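Structure assessment
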Amino acid sequence: MASQDWIQDAEMELGEKFTEQTGIKVDYQIVPSDQYESLLMTKINAGECTDIFGGQSSQFSIVTQFDVEKNAVDLSGESWAGNVDPAAAVELSAGGKLYGQPIQDVSACWAVAYNISMFDELGLKIPTNYAEFCDVCEKIKAAGIIPIYECVSDGWHHVCWTEAAVAATQADPSYPEKLNNNEATFEGNKELTTMFAQLKEMADKGYMGDNYMSNEYADAPASIASGEYAMVLYNQGLGAEVNAADPNFSEDNIGYFVNPLCDNQALNVNYCGPSRFIFSGSKNIDAAKKYLEFMASDESLAYMTENVGKFNQLPYSNAPSAYSKVVQDFYDRYPNKVAVFQASVKYYNPAWMDIGADMSAMFLGEMTPEEVLKDIDKLRGEQAAAASDPAWK
């Protein structure tokens with residue numbers, strides 16, 4: 001069982017090959033992203049989860065949310081375990097044991113993807129701060145094009161803009177540690193207040209068009225290919241996806257720059273991502289282990305890299321690299337790398353969908369940026385209490 005966009009068509013194709021080789025049938029249960037987390041926790045708590053369940057990695061949330069030491073199978077002794085990228089493995093480990101297997105490329109980050117030829121035609125340059133970004137949006141809007149494709153209806157995508165929170169870490173490198181020790185709050189932080197206020201301003205100025213509340217994430221590549229929109233917050237596989245939507249649109253016509261909220265110019269890195277876990281209560285643990293071994297093989301990793309546009313470097317030592325020049329230029333442009341809150345701050349990732357709901361209310365004028373930040377503190381406090389975190393006592 002997994003959330004939308006976690007299991008690619010290429011994996012299902014490999015699943016058919018796996019069945020041919022082993023006789024083991026794989027049933028993929030894909031759940032809408034806004035329903036997945038609550039359904040997963042209901043199934044885990046009832047002891048009725050699927051043999052393999054998808055979950056976001058994070059050295060914090062896999063313990064406080066999934067309780068992997070109780071609900072997942074120790075995978076440390078599997079043949080492929082030593083091939084997992086060490087940084088990714090940390091986010092899937094508890095008590096020195098590996099409990100999960102990465103599904104997706106975690107080298108890619110959420111960045112502003114843009115139509116290069118459109119920028120050239122309008123004489124636009126890559127912005128290096130928020131004011132320049134707004135100027136770019138104004139010029140695109142003046143040309144009769146919607147600057148940004150946003151899709152709030154999925155419940156999670158618009159929260160990815162908050163990865164610009166790395167600006168708060170740059171302002172105070174100890175801030176994530178203070179948050180983890182309950183010595184600081186989200187409410188009152190200058191950079192975070194600015195970030196949410198700028199997001200609200202972007203919506204109010206029409207940079208996201210009229211339909212951003214109802215747009216869907218799955219329609220992003222086609223919307224960019226149509227020329228109706230100029231930019232979208234996406235990972236580094238958008239070029240291939242836009243080309244698949246319209247073969248006349250070159251894959252190399254999509255460029256990337258970092259999310260410039262709060263004048264951020266650091267690359268927001270995150271070794272957390274969708275991962276596979278084997279449910280400890282499964283009656284098919286051996287079969288599930290064989291599937292994970294199959295998916296981590298040289299052949300399967302190569303197939304996934306070749307057939308999924310956004311997979312440039314899967315987090316395994318035996319996976320091939322497929323960075324295009326455009327993508328490599330993007331990474332080279334931003335040598336400063338800072339870990340996102342999803343990876344560095346406890347109880348942030350489990351609150352993701354709730355933060356999304358608050359941001360939706362903010363866009364509609366029902367909450368202020370300050371109220372969103374205050375609620376994040378409340379949500380994290382609830383998670384900490386459930387985990388009996390001594391820092392919150």
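Before any of the text, the structure's been laid out above.
Right, let's walk through the structure included here.

The rules behind these values
Residues numbered from 1 in each chain as written. Predicted model: local features only at pLDDT ≥ 70, side-chain atom pairs only at ≥ 80, totals over all residues. Heavy atoms only, no water. Helix = DSSP H or I, 4+ residues; strand = E, 2+ residues; numbered from the N terminus. Rg over C-alpha atoms; globule rule 2.2 N^0.38 Å. Contact = heavy atoms within 4.5 Å. 1 Å grid on protein atoms, 1.4 Å probe; cavity = no way out; pocket = protein on both sides within 12 Å on 5 of 7 lines; lining within 4 Å. Points joined across faces, edges and corners; volume = space filled by probe spheres on them. Nonpolar A, V, L, I, M, F, W, Y, C, P; charged D, E, K, R; others polar. Salt bridge = Lys/Arg side-chain N within 4 Å of Asp/Glu carboxyl O. Buried < 20%, exposed > 50% of the residue type's maximum accessible area, 1.4 Å probe, protein only. Pairing = 2+ DSSP bridges. Axes fitted to C-alpha atoms, helices over the stretch in contact; angles between N-to-C directions.

Here the focus is the overall build of the protein chain. A count of helices and strands for the protein chain gives 18 helices and 13 strands. A compact globule built from 393 residues would reach a C-alpha radius of gyration of about 21 Å, and the protein chain, at 21 Å, matches this within 12%. With the C-alpha coordinates aligned to their principal axes, the bounding extent of the protein chain is approximately 60 × 55 × 35 Å. Here the analysis covers contacts within the protein chain between residues at least 6 apart in sequence; of these, 75% occur between residues at least 24 apart.

What follows covers the layout of surface pockets. Computed from the structure, the largest pocket encloses a volume of approximately 400 Å³. Lining the largest pocket are 23 residues; nearest its centre among them are Met-1, Val-26, Asp-27, Asp-51 and Ile-52. Of all the elements in the fold, those that place two or more residues in the lining of the largest pocket are α1 (9–22), β3 (52–56) and α13 (285–295). Here the residues of the lining of the largest pocket sort into 14 nonpolar, four polar and five charged. Roughly 310 Å³ of volume is contained in the second largest pocket. Lining the second largest pocket are 20 residues, and of these Val-106, Ser-107, Tyr-271, Tyr-323 and Lys-337 sit closest to its centre. Of all the secondary structure elements, the ones that give two or more residues to the lining of the second largest pocket are β11 (267–269) and α15 (325–333).

The next thing to look at is the pattern of salt bridges. Per the counting criterion, the structure on display carries 10 salt bridges. Between Asp-329 and Lys-325 there is a salt bridge whose closest N-O contact spans 2.9 Å. Note that Asp-329 and Lys-325 are positioned in helix α15 at a spacing of four residues, about one turn of the helix. On the accessibility criterion, Asp-329 (32% relative accessible area) is partly exposed. For Lys-325, a relative accessible area of 65% translates into the label exposed.

Here we have three strands laid out as an open sheet, ordered β3-β12-β6, and antiparallel in their pairing. Single-partner strands in this sheet number two, and they are β3 and β6 (101–102). Across five bridges, the pairing between β3 and strand β12 (residues 274–278) is antiparallel. Bridge pairing in β12 links Ile-52 to Ile-278.

This part is about the sheet that holds strand β9 (residues 229–234). Judged by pairing direction, the sheet is mixed, and its four strands sit side by side in the order β8-β9-β7-β10 without closing on themselves. Among the strands making up the open sheet, the edge pair consists of β8 (146–149) and β10 (254–257). This sheet shows a mean twist of 30 degrees between the axes of neighbouring strands, independent of strand direction. With three bridges joining them, β8 and β9 adopt parallel strand pairing. Pairing of Tyr-149 across the sheet is with Val-232, part of β9. This element, helix α12 (residues 238–245), spans β7 (111–115), β9 and β10 of the sheet and lies at about 150 degrees to β10.

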